Amino acid sequence: MWLTTLLVTTLTFTLTPAATTPGPSITATICATHCDGRDPALASGDRRPGTTSVWSRNITLHLSDGDDMGWGSIENGDPGDEVWLDRSFDGGRTWAADSRIGDTKIPAGSRGWRTLMFNGDDPATHRFGALRACGKAGDRPEIACTSWYRTTVAAANRTEAAATALMQFYDTGTGLWQTTGWWNSANALTAILDYSTRTGSQNYRYAIGNTFDRNRGNNFTNEYIDDTGWWALAWIRAYDLTKDRRYLDTAVIAANYMYSYRDGTCGGGLWWSTARTYKNAVTNELYVKVAASLHNRLPGDTLQLARAREVWDWFRNSGMINGANLVNDGLNSSCANNGDAVWSYNQGIVLGALLELNRATGDAALLTRARQLADASTTAPSLHSGGILRDPCESGDCGADGPSFKGAYARNLGELDRALAGRPYRAYLTRQANATIANNRTSLDQHGLRWAGPVDKIDAARQHSALEVLTAAL
């Protein structure tokens, strides 16, 4: 018998049957460094992140990080007991419907057994995967599975692990992120771009061109002007990283589209949507950042800068910045501050906008104003619980939009922080990053809504927000 003692962890659960819906068959043999079906005796390492049990049988997942492969084992069993692997390429949401990978049974005369080794990732198709070990006792129907885990390949540190977990939601067919919406996908792409820029990682750059090519039909414009702004900023960031001029040209088209919804109602500013029913903070903050960013990248530009200054002058006098230096959501029908929620993203975008405008003009007063607003938002009791950032909606689940808010805040605060001597907000950002790592993370480095924890549910909006704060803290 090959097996003696196995490490037992506390992360275990039993499923009867499996708890989520299997997906289409994805059981074709994968060959990376090695091909599926390798003998575990040849493994370069043996890390055992998860163990569970059923009918006193211990079922363990083994990972060989150096090979990017894993295998499952069962001990304290009887001949005929089964052990196998499940493999998922979307963060454990689905896996092969018609195959227990490496399915094997304890042979006669033994109390334990193991599967062969299988790849965790499929680099040829840009799929980043996860494995779990499952098993059952003889003919009994109960099945037990460990939690999902992956190797340290593309997950060597907490920020890389969060980026890989975000890419497990990426759909190469649509160029968007599953489980979230259109504008949230722009933020997910920006989070990957920020991560790639800050770390030099090449792992996910394939997504830039793929997302652009599959979604460029309307130049990333739609009926919501703020949606257009999020995509414009993503393509400006893509241009910064790749120097591919088509991304910058698309951002110019988007900026001009946004500005076409500026008029004299309430004295100026851009409408939130083509319906022209609401003037709000997010749309105008985004526009200032987009236009100033374009000026800083377009030699000889005067138009974009003039427009950026115009909209900033209107916004700062609009009343949306309240007496506590916090930004409310928008204006009411009388063109006054409507007193609506102080969302985290509205506190953040303005910081990035002022930073870009400062770079464009050299006006130090803009950075002074950014510091005032950042000092207010990083200390506001209404935006924190126990020192950890939270949005007003977090007593619920924040719907489809809210999970993206804190990521946008962290991104823009991080941009300001890196531009200032001594990085005055780095300790704040690090506290937020440490909180979500310690309290709000699954075995696959997926993060939920509340950075103070616990994990509520998993989606790409929640994940990109966590990645942004981890990146901002670097």
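None of the values given here were measured: they were computed from a predicted structure.

This paragraph deals with the overall build of the chain. When helices and strands are counted, the chain shows 12 helices and 14 strands. Relative to a compact globule of 474 residues, whose C-alpha radius of gyration would be 23 Å, the chain shows 25 Å and is just as compact. Viewed in the frame of its principal axes, the chain has a C-alpha envelope of about 85 × 45 × 45 Å. Here the chain, with 474 residues, has 58% of them falling under the buried criterion. Of the contacts made within the chain by residues no fewer than 6 positions apart, 67% connect residues no fewer than 24 positions apart. Of the roughly 17,500 Å² of accessible surface on the chain, 50% is carried by carbon and sulfur atoms. Distance from the positive charge centre (46 side chains) to the negative charge centre (48 side chains) of the chain: 4 Å.

For strand β9 (residues 130-136), a buried count of 7 out of 7 residues is recorded, marking the element as mostly surrounded by other parts of the structure. In β9, alternate side chains face the same way, and those of A130, R132, C134 and K136 on one face and L131, A133 and G135 on the other are all buried. Pairing analysis gives 7 bridges linking strand β5 (residues 82-88) to β9, with the strands arranged antiparallel. Note on β9: the bridge partner recorded for E82 is K136. Once β9 ends, the chain turns through 6 residues before running back antiparallel as strand β10 (residues 143-146), passing G138 with a positive phi of about 50 degrees.

Let us look at unusual backbone geometry. With an omega of -5 degrees, the peptide bond running from G453 to P454 counts as cis. Relative to the elements of secondary structure, P454 occurs in the loop between α11 (426-439) and α12 (460-472). For R276, which is not glycine, the phi torsion reads 55 degrees and is therefore positive. Summarising the element assignment, R276 is placed in the loop between α5 (245-259) and α6 (281-295). Judged by relative accessible area, R276 falls into the partly exposed class, the value being 36%. At R423, a residue that is not glycine, the phi angle is positive and equals roughly 45 degrees. Structurally, R423 can be placed in the loop between α10 (405-419) and α11.

End to end, helix α2 (residues 182-199) covers 26 Å across 18 residues, agreeing with the expected 26 Å (1.5 Å per residue, within 8%). Most of α2 sits out of view: 14 of its 18 residues are buried. Positive phi appears at G200, one or two residues downstream of α2, with a value of about 80 degrees.

Relative to the elements of secondary structure, G50 occurs in strand β2 (residues 47-54). For G50, a relative accessible area of 0% translates into the label buried. The spacing of G50 and N280 is 230 residues in sequence and 48 Å in space, taken between C-alpha atoms.

For the rest of this paragraph, the subject is the confidence of the model for the chain. The share of residues in the chain with pLDDT of 70 or more is 94%, and the mean pLDDT across the chain is 94. Per-residue pLDDT stays below 50 along residues 1-26; that stretch engages in 73 contacts with residues further than four places along the chain or on separate chains.

All right, on to the state of the cysteines then. Applying the stated criterion to the full structure yields 4 disulfides. Linked covalently through their sulfurs, C134 and C145 form a disulfide whose S-S length is 2.1 Å. Judged by the sign of its S-S torsion, about 110 degrees, the bond between C134 and C145 is right-handed. Taken as a pair, C134 in strand β9 and C145 in strand β10 lie far apart in primary sequence, 11 residues in all. What makes C145 buried here is its relative accessible area of 1%. The disulfide that involves C393 links it to C398, with 1.9 Å between the sulfurs. Judged by the sign of its S-S torsion, about 95 degrees, the bond between C393 and C398 is right-handed. Bonded cysteines in the chain are paired 1-2, 3-4, 5-6, 7-8 when counted in the order they occur along the chain.

The rules behind these values
Residues numbered from 1 in each chain as written. Predicted model: local features only at pLDDT ≥ 70, side-chain atom pairs only at ≥ 80, totals over all residues. Heavy atoms only, no water. Helix = DSSP H or I, 4+ residues; strand = E, 2+ residues; numbered from the N terminus. Rg over C-alpha atoms; globule rule 2.2 N^0.38 Å. Buried < 20%, exposed > 50% of the residue type's maximum accessible area, 1.4 Å probe, protein only. Contact = heavy atoms within 4.5 Å. Areas by Shrake-Rupley, 256 points an atom, 1.4 Å probe, with all protein chains shown as cover. Lys, Arg positive; Asp, Glu negative; His and termini not counted. Charge placed at Lys NZ, Arg CZ, Asp CG, Glu CD. Pairing = 2+ DSSP bridges. Expected span 1.5 Å × (residues − 1). pLDDT = per-residue confidence, 0-100. Disulfide = S-S within 2.5 Å.

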